[in-house]
Amino acid sequence: MADGSERIGLHNLQPAPGSRRPRKRVGRGEGSGTGKTSGRGQKGWGSRSGAKRRARFEGGQNPIHMRMRKLRGPHMKKSMPFEPFRTRTQAVNLLDLEARFESGASVTPEALKAKGLATRKGIPIKVLAKGELSKPLTVHAHGFSTAARAAIEGAGGSCQLIVDVATAGAEES
(Lines give C-alpha, C1' and ligand atoms only; values in the text may rest on other atoms or scores of the structure.)
Protein backbone atom coordinates (compact mmCIF):
# COMPACT_ATOMS: atom_id res chain seq x y z
CA MET A 1 0.00 0.00 0.00
CA ALA A 2 1.16 3.48 -0.83
CA ASP A 3 0.23 5.14 2.51
CA GLY A 4 1.75 2.35 4.64
CA SER A 5 -1.55 1.15 6.22
CA GLU A 6 -2.25 -2.56 6.45
CA ARG A 7 -4.95 -4.12 4.33
CA ILE A 8 -8.17 -4.90 6.28
CA GLY A 9 -9.28 -8.53 6.20
CA LEU A 10 -10.73 -11.28 8.37
CA HIS A 11 -7.27 -11.96 9.80
CA ASN A 12 -6.94 -8.55 11.47
CA LEU A 13 -10.50 -7.45 12.34
CA GLN A 14 -10.92 -6.47 15.99
CA PRO A 15 -13.22 -4.23 18.02
CA ALA A 16 -12.34 -0.59 18.59
CA PRO A 17 -10.04 -0.05 21.59
CA GLY A 18 -12.05 0.45 24.81
CA SER A 19 -15.34 -0.77 23.34
CA ARG A 20 -15.18 -4.20 25.00
CA ARG A 21 -15.05 -4.64 28.77
CA PRO A 22 -14.12 -7.78 30.64
CA ARG A 23 -16.96 -9.86 32.15
CA LYS A 24 -17.92 -8.92 35.72
CA ARG A 25 -16.88 -11.79 37.99
CA VAL A 26 -19.23 -11.73 40.97
CA GLY A 27 -18.88 -13.52 44.28
CA ARG A 28 -15.07 -13.38 44.33
CA GLY A 29 -14.47 -11.82 47.74
CA GLU A 30 -15.34 -8.58 49.50
CA GLY A 31 -12.36 -6.73 48.04
CA SER A 32 -13.72 -7.08 44.50
CA GLY A 33 -16.77 -4.92 45.30
CA THR A 34 -19.16 -7.64 44.18
CA GLY A 35 -18.60 -10.24 46.90
CA LYS A 36 -21.04 -11.84 49.36
CA THR A 37 -24.42 -10.95 47.80
CA SER A 38 -22.88 -10.50 44.33
CA GLY A 39 -24.55 -7.16 43.66
CA ARG A 40 -28.07 -8.50 44.24
CA GLY A 41 -28.71 -6.71 47.54
CA GLN A 42 -30.24 -8.26 50.64
CA LYS A 43 -33.19 -10.67 50.53
CA GLY A 44 -36.26 -10.27 48.33
CA TRP A 45 -37.30 -11.72 45.02
CA GLY A 46 -34.43 -10.28 43.03
CA SER A 47 -31.82 -11.87 45.25
CA ARG A 48 -33.04 -15.44 44.69
CA SER A 49 -31.63 -17.81 42.14
CA GLY A 50 -33.51 -17.84 38.85
CA ALA A 51 -34.95 -14.36 39.47
CA LYS A 52 -35.55 -12.52 36.21
CA ARG A 53 -37.72 -9.48 35.65
CA ARG A 54 -40.55 -10.08 33.18
CA ALA A 55 -40.55 -7.89 30.11
CA ARG A 56 -43.89 -6.34 31.17
CA PHE A 57 -42.99 -5.96 34.87
CA GLU A 58 -43.49 -2.40 36.16
CA GLY A 59 -42.02 -2.52 39.65
CA GLY A 60 -45.17 -3.77 41.34
CA GLN A 61 -47.55 -1.09 40.09
CA ASN A 62 -50.57 -2.19 38.08
CA PRO A 63 -49.08 -3.04 34.67
CA ILE A 64 -50.33 -1.52 31.44
CA HIS A 65 -52.01 -4.70 30.21
CA MET A 66 -54.12 -4.68 33.39
CA ARG A 67 -54.86 -0.94 33.13
CA MET A 68 -56.22 -1.21 29.59
CA ARG A 69 -59.96 -1.41 29.05
CA LYS A 70 -61.52 -4.83 29.10
CA LEU A 71 -63.62 -5.78 26.08
CA ARG A 72 -65.44 -8.78 27.53
CA GLY A 73 -69.09 -9.58 27.90
CA PRO A 74 -72.28 -7.97 26.60
CA HIS A 75 -73.24 -6.29 29.88
CA MET A 76 -70.64 -3.50 30.07
CA LYS A 77 -70.96 -0.28 28.11
CA LYS A 78 -67.24 -0.23 27.48
CA SER A 79 -67.39 -3.73 26.00
CA MET A 80 -69.38 -2.48 23.01
CA PRO A 81 -67.70 -3.30 19.69
CA PHE A 82 -66.61 0.26 19.04
CA GLU A 83 -64.55 -0.41 15.88
CA PRO A 84 -67.36 -1.43 13.48
CA PHE A 85 -69.26 1.81 14.16
CA ARG A 86 -66.34 4.19 13.63
CA THR A 87 -66.84 6.34 10.53
CA ARG A 88 -63.77 6.39 8.35
CA THR A 89 -63.17 9.07 5.74
CA GLN A 90 -60.11 10.43 4.00
CA ALA A 91 -59.73 14.16 4.29
CA VAL A 92 -58.97 16.52 1.42
CA ASN A 93 -58.26 20.13 2.37
CA LEU A 94 -59.08 23.28 0.41
CA LEU A 95 -55.39 24.24 0.25
CA ASP A 96 -54.70 20.99 -1.66
CA LEU A 97 -57.51 21.76 -4.12
CA GLU A 98 -56.17 25.31 -4.55
CA ALA A 99 -52.66 24.06 -5.33
CA ARG A 100 -53.52 21.17 -7.65
CA PHE A 101 -56.56 22.21 -9.72
CA GLU A 102 -57.12 24.99 -12.27
CA SER A 103 -60.06 27.37 -12.22
CA GLY A 104 -63.32 25.79 -13.39
CA ALA A 105 -62.04 22.21 -13.06
CA SER A 106 -64.25 19.33 -12.03
CA VAL A 107 -62.86 17.65 -8.92
CA THR A 108 -63.93 13.99 -8.91
CA PRO A 109 -62.51 11.08 -6.87
CA GLU A 110 -60.67 9.91 -10.01
CA ALA A 111 -59.16 13.38 -10.53
CA LEU A 112 -58.15 13.54 -6.87
CA LYS A 113 -56.42 10.16 -7.15
CA ALA A 114 -54.61 11.27 -10.31
CA LYS A 115 -53.29 14.33 -8.44
CA GLY A 116 -52.11 12.21 -5.46
CA LEU A 117 -54.99 13.04 -3.10
CA ALA A 118 -57.51 10.58 -1.63
CA THR A 119 -55.58 7.52 -2.81
CA ARG A 120 -57.17 4.97 -0.43
CA LYS A 121 -59.58 2.80 -2.39
CA GLY A 122 -63.14 2.35 -1.15
CA ILE A 123 -62.94 4.94 1.66
CA PRO A 124 -65.27 7.97 1.41
CA ILE A 125 -63.78 11.40 0.71
CA LYS A 126 -64.59 14.40 2.88
CA VAL A 127 -63.57 17.96 1.99
CA LEU A 128 -62.37 20.03 4.94
CA ALA A 129 -61.88 23.79 5.18
CA LYS A 130 -58.14 24.02 5.97
CA GLY A 131 -56.71 26.74 3.74
CA GLU A 132 -58.21 29.25 1.30
CA LEU A 133 -59.92 28.70 -2.05
CA SER A 134 -59.94 31.50 -4.64
CA LYS A 135 -61.06 29.72 -7.83
CA PRO A 136 -64.43 28.23 -8.78
CA LEU A 137 -64.36 24.43 -8.70
CA THR A 138 -67.05 21.77 -9.06
CA VAL A 139 -66.20 19.37 -6.25
CA HIS A 140 -67.67 15.84 -6.12
CA ALA A 141 -67.17 14.19 -2.70
CA HIS A 142 -68.92 11.99 -0.16
CA GLY A 143 -68.99 14.73 2.46
CA PHE A 144 -68.23 18.41 3.07
CA SER A 145 -67.66 20.29 6.28
CA THR A 146 -69.93 23.31 6.66
CA ALA A 147 -67.02 25.75 6.39
CA ALA A 148 -65.62 23.96 3.30
CA ARG A 149 -69.01 24.07 1.57
CA ALA A 150 -69.29 27.81 2.33
CA ALA A 151 -65.76 28.46 1.04
CA ILE A 152 -66.29 26.52 -2.21
CA GLU A 153 -69.63 28.21 -2.90
CA GLY A 154 -68.18 31.58 -1.87
CA ALA A 155 -65.45 31.20 -4.51
CA GLY A 156 -68.12 30.60 -7.16
CA GLY A 157 -67.90 26.80 -7.24
CA SER A 158 -70.39 24.08 -6.42
CA CYS A 159 -70.49 21.04 -4.11
CA GLN A 160 -71.85 17.77 -5.51
CA LEU A 161 -72.56 15.08 -2.91
CA ILE A 162 -71.70 11.51 -3.99
CA VAL A 163 -74.20 8.97 -2.67
CA ASP A 164 -72.94 5.37 -2.92
CA VAL A 165 -75.33 2.59 -3.96
CA ALA A 166 -74.74 0.81 -0.61
CA THR A 167 -75.59 3.91 1.45
CA ALA A 168 -78.55 4.86 -0.78
CA GLY A 169 -80.25 1.51 -0.12
CA ALA A 170 -79.76 1.90 3.63
CA GLU A 171 -81.28 5.39 3.67
CA GLU A 172 -84.45 4.36 1.80
CA SER A 173 -85.36 1.48 4.10
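Keep in mind it's a predicted model, so treat the numbers as computed, not measured. (Residues numbered from 1 in each chain as written. Predicted model: local features only at pLDDT ≥ 70, side-chain atom pairs only at ≥ 80, totals over all residues. Heavy atoms only, no water.)

**Here's the deal with the pattern of salt bridges**
When the charged atoms of two side chains with opposite charge come close together, those side chains can pair. Summed over all chains, the structure comprises two salt bridges. Note that Asp96 is salt-bridged to Arg100, the shortest N-O span being 3.5 Å. One end of the pair, Asp96, and the other, Arg100, are both in helix 2 (residues 94-100), four residues apart, so they sit about a helical turn from each other. (Salt bridge = Lys/Arg side-chain N within 4 Å of Asp/Glu carboxyl O. Helix = DSSP H or I, 4+ residues; strand = E, 2+ residues; numbered from the N terminus.)

**Here we look at the nonpolar core**
The biggest cluster of nonpolar side chains holds 21 residues, and the ones touching the most others in it are Leu97, Phe101, Leu112, Val127, Leu137, Val139 and Ile152. Listed by contribution, the elements that provide at least two residues to this core are helix 2, helix 3 (109-114), strand 3 (125-128), strand 4 (138-141) and helix 4 (146-154). (Core = buried A, V, L, I, M, F, W, Y, C linked by side-chain atoms within 4.5 Å. Buried < 20%, exposed > 50% of the residue type's maximum accessible area, 1.4 Å probe, protein only.)

**Some points on the packing of aromatic side chains**
Given two aromatic rings, their pairing is described by the distance between the two centres and the angle made by the two planes. In the structure shown here, the tally under the stated rule is one aromatic pair. Residues Trp45 and Phe57 carry aromatic rings whose centres are separated by 6.2 Å and whose planes lie at 50 degrees to one another, so their mutual orientation is tilted. A residue pair is termed long-range when its members are at least 10 positions apart, and Trp45 in the segment before helix 1 (64-67) and Phe57 in the segment before helix 1 qualify at 12 residues. When its relative accessible area of 47% is taken as the criterion, Trp45 is described as partly exposed. Judged by its relative accessible area of 32%, Phe57 falls in the partly exposed class. Above the plane of the ring of Phe101 lies Lys115, whose end atom (NZ or CZ) is 5.5 Å from the centre. (Phe/Tyr/Trp six-rings, centres within 6.5 Å; stacked < 30°, edge-to-face > 60°. Lys NZ or Arg CZ within 6 Å of the ring centre and 35° of its normal.)

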